[in-house]
Amino acid sequence: MIHSRSKIVILTGAGISAESGIETFRAEDGLWAQHRVEDVATPEGFARDPKLVVDFYNSRRAQLPDVEPNAAHRALARLEAEHDGEVIVITQNVDDLHERGGSQTVFHMHGALKTALCAACGHRWPAPIVMAPGDPCPSCHAPAARPDVVWFGEMPYDMDLLFRHLSEADIFIAIGTSGNVYPAAGFVAEARRAGAHTIEFNLERSSVGNHFEEHRTGPASRTVTDWVE
Ligand SMILES: CC(C)NC(=O)[C@H](Cc1c[nH]c2ccccc12)NC(=O)[C@H](CCCC/N=C(/NCCC(=O)O)S[C@H]1O[C@H](COP(=O)(O)OP(=O)(O)OC[C@H]2O[C@@H](n3cnc4c(N)ncnc43)[C@H](O)[C@@H]2O)[C@@H](O)[C@H]1O)NC(=O)OCc1ccccc1
């Protein structure tokens, strides 16, 4: 299936970071069990209570120094280093574990905790550990700092580029994602349309599991490492 110059496009979700100690969203004690999505991950929630939202992301950003990339992150970095063809990681995760695991080509389609975004001019800068609502933008000085994450109802980042990569994929794999959030959940169908071979890595079948030709069931740290070896 994998010939030396295959283009491999990889979509990851919260499940790839679970074994590093970062909660997933839909687990019993997951993030969405502790917080109402509407309150912390929508533009309306931010307008209603910016402090609640900024503190939600401050707490997740403060956790990053206490967690490490796991074997699945490192295996993807090895694949990118050793494979002759293109290896593209598209992540829904806002953590920095792919980069710390050694991956070079990573698209954060839902944003990143480590950067701040100016809602007025679009400027980005390294996020302070503790961001406060109304922090001034270092470029336009407007009091318009916000977390650099894509909230529900907002357009994910780099969509045109991502659809191009999907249309060129020879192999499409999804790791640790439940397939409930769009447009990411629709990527497997896009890749299949382009003729890619599709593999799902998860503890269980996702909501779009029937779109995948192959399933590798188990913890990503083992299944991804075995697949890359
Ligand atoms: C809930 C859902 C119904 N709603 C949506 O999808 C909405 C609306 C919508 C759009 N199109 C639709 C079509 C149909 C229905 C609804 C929609 N989508 C949007 O609003 C998106 C924006 C969505 C982004 C929201 N922001 C996030 N994150 C950033 C913030 C933050 O992080 O706080 S979403 C956030 O939740 C999602 C969580 O999902 P997962 O990562 O999969 O995590 P989950 O916990 O669910 O699952 C973990 C999985 O791992 C597995 N696992 C666990 N441990 C392991 C392990 N150890 N090993 C392996 N696997 C493991 C588990 O079994 C499980 O399967 C991720 O995307 C994550 O980024 N914007 C948009 O559509 O704009 C317009 C548009 C339209 C077309 C084209 C372009 C634009």
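Quick notes on the rules
- Residues numbered from 1 in each chain as written.
- Predicted model: local features only at pLDDT ≥ 70, side-chain atom pairs only at ≥ 80, totals over all residues.
- Heavy atoms only, no water.
- Pairing = 2+ DSSP bridges.
- Helix = DSSP H or I, 4+ residues; strand = E, 2+ residues; numbered from the N terminus.
- Axes fitted to C-alpha atoms, helices over the stretch in contact; angles between N-to-C directions.
- Near = heavy atom within 4 Å.
- Polar contact = N/O pair within 3.5 Å; in protein donor to acceptor, adjacent residues only side chain to side chain.
- Areas by Shrake-Rupley, 256 points an atom, 1.4 Å probe, with all protein chains shown as cover.
- Nonpolar A, V, L, I, M, F, W, Y, C, P; charged D, E, K, R; others polar.
- Buried < 20%, exposed > 50% of the residue type's maximum accessible area, 1.4 Å probe, protein only.
- Contact = heavy atoms within 4.5 Å.
- Core = buried A, V, L, I, M, F, W, Y, C linked by side-chain atoms within 4.5 Å.
- UniProt positions renumbered as here; feature names shortened; annotations may be inferred.
- Parallel < 35°, antiparallel > 145°, perpendicular 65-115°, else oblique.
- Left-handed = near helix turned anticlockwise from the far one by under 90°.
- Phe/Tyr/Trp six-rings, centres within 6.5 Å; stacked < 30°, edge-to-face > 60°.
- Lys NZ or Arg CZ within 6 Å of the ring centre and 35° of its normal.

1. Considerations on the sheet that holds strand β9 (residues 214-217)
Sheet strands line up and pair through hydrogen bonds in the backbone, either parallel or antiparallel.
Thought 1: Spatially, the 6 strands line up as an open sheet ordered β3-β2-β1-β7-β8-β9, and their pairing is parallel. The open sheet has two free edges, formed respectively by β3 (106-108) and β9, since each of these has just one partner strand. Across this sheet, the average inter-strand angle for adjacent strands is 15°, counted without regard to direction.
Thought 2: Relative to strand β2 (residues 87-91), strand β1 (residues 8-12) runs parallel, the two being bridged by 5 bridges. Its bridge partner being in β2, Ile8 is matched across the sheet by Val87.

2. Description of the site of the ligand
Thought 1: The immediate surroundings of the ligand are formed by 33 residues, with Arg60, Val150, Gly153, Ser178 and Asn202 found nearest.
Thought 2: The separation between an oxygen atom of the ligand and a polar main-chain atom of Phe25 is 2.8 Å.
Thought 3: Protein burial of the ligand: of its 1,500 Å² of free accessible surface, 77% is covered by the chains.
Thought 4: Contributions of two or more residues to the shell around the ligand are made by α1 (15-18) and α5 (50-63).
Thought 5: The class makeup of the residues in the shell around the ligand is 16 nonpolar, 12 polar and 5 charged.

3. Thoughts on helix α10 (residues 220-228)
Thought 1: Taken together, the buried positions of α10 are occupied by Ala220, Thr223, Val224, Thr225, Trp227 and Val228.
Thought 2: Buried residues belonging to α10 abut β1, α6 (71-82), β7 (171-175), β8 (197-202) and β9.

4. Remarks on the sheet that holds strand β6 (residues 145-149)
Thought 1: Within the open sheet, the 3 strands sit side by side as β5-β4-β6. Their pairing is antiparallel. Where the open sheet ends on each side, the last strands, each with one partner, are β5 (124-126) and β6. Taking each pair of neighbouring strands and ignoring which way they run, the sheet shows an average axis angle of 45°.

5. Considerations on the nonpolar core
Thought 1: Residues Trp32, Ala41, Phe56, Tyr57, Trp125 and Trp151 are the most contacted members of the largest nonpolar core, which totals 26 residues.
Thought 2: At the level of secondary structure, the elements contributing two or more residues to this core comprise α2 (31-34), α5, β4 (111-118) and β6.
Thought 3: The element best represented in this core is α5, accounting for 4 residues.
Thought 4: Those residues in contact with Phe56 that lie beyond four places of it in its chain are Leu31, Trp32, His35 and Val40.

6. So, the UniProt feature "binding site: Zn(2+)" (unreviewed entry) in the protein chain
Thought 1: The UniProt record annotates "binding site: Zn(2+)" (unreviewed entry) at Cys118, Cys121, Cys137 and Cys140. Across 23 residues of sequence, these annotated residues stay compact in space, with a maximum C-alpha separation of 8.5 Å.
Thought 2: With respect to the secondary-structure elements, Cys121 resides in the loop between β4 and β5.
Thought 3: Among all residues touching Cys121, those that are not within four sequence positions of it are Cys137, Ser139 and Cys140.
Thought 4: Classification of Cys140 by relative accessible area gives partly exposed; the value is 33%.
Thought 5: Ignoring any residue separated from it by four or fewer positions in sequence, one finds Cys140 in contact with Cys118, Ala120 and Cys121.

7. Here we look at the packing of α6 against α10
Thought 1: As a packed pair, α6 and α10 sit with axes 8 Å apart at the nearest point and diverge in direction by 20°. The orientation of α6 relative to α10 falls into the category roughly parallel. Crossing handedness for the pair α6 and α10: left-handed. Of the residues in α10, those in contact with Ala71, Ala72, Ala75, Leu76, Arg78 and Leu79 of α6 are Ala220, Ser221, Val224, Thr225, Trp227 and Val228.
Thought 2: Class assignment for the residues of the contact of α6 with α10 results in 9 nonpolar, 2 polar and 1 charged.

8. Section: the packing of aromatic side chains
Thought 1: Inspection of every chain in the model, using the stated rule, returns 5 aromatic pairs.
Thought 2: Aromatic side chains Phe46 and Trp151 sit 5.1 Å apart centroid to centroid with 40° between the ring planes, which places their arrangement in the tilted category. You can see Phe46 sitting in helix α4 (residues 43-48) and its partner Trp151 sitting in the loop between β6 and α8 (159-167), a full 105 residues away along the chain. When sorted by exposure, Phe46 lands in the same class as Trp151, which is buried.
Thought 3: Judged by centre distance (6.2 Å) and plane angle (25°), the rings of Phe172 and Phe212 are stacked. Of this pair, Phe172 sits in strand β7 while Phe212 is found in the loop between β8 and β9, placing the two residues 40 residues apart along the sequence. Assigned by exposure class, Phe172 and Phe212 land together as buried.
Thought 4: The ring of Tyr157 has Arg124 lying over it, and the distance from NZ or CZ to the ring centre is 4.8 Å.
Thought 5: Directly above the aromatic system of Trp151 lies the positively charged group of Arg146, at a separation of 3.9 Å from the ring centroid.

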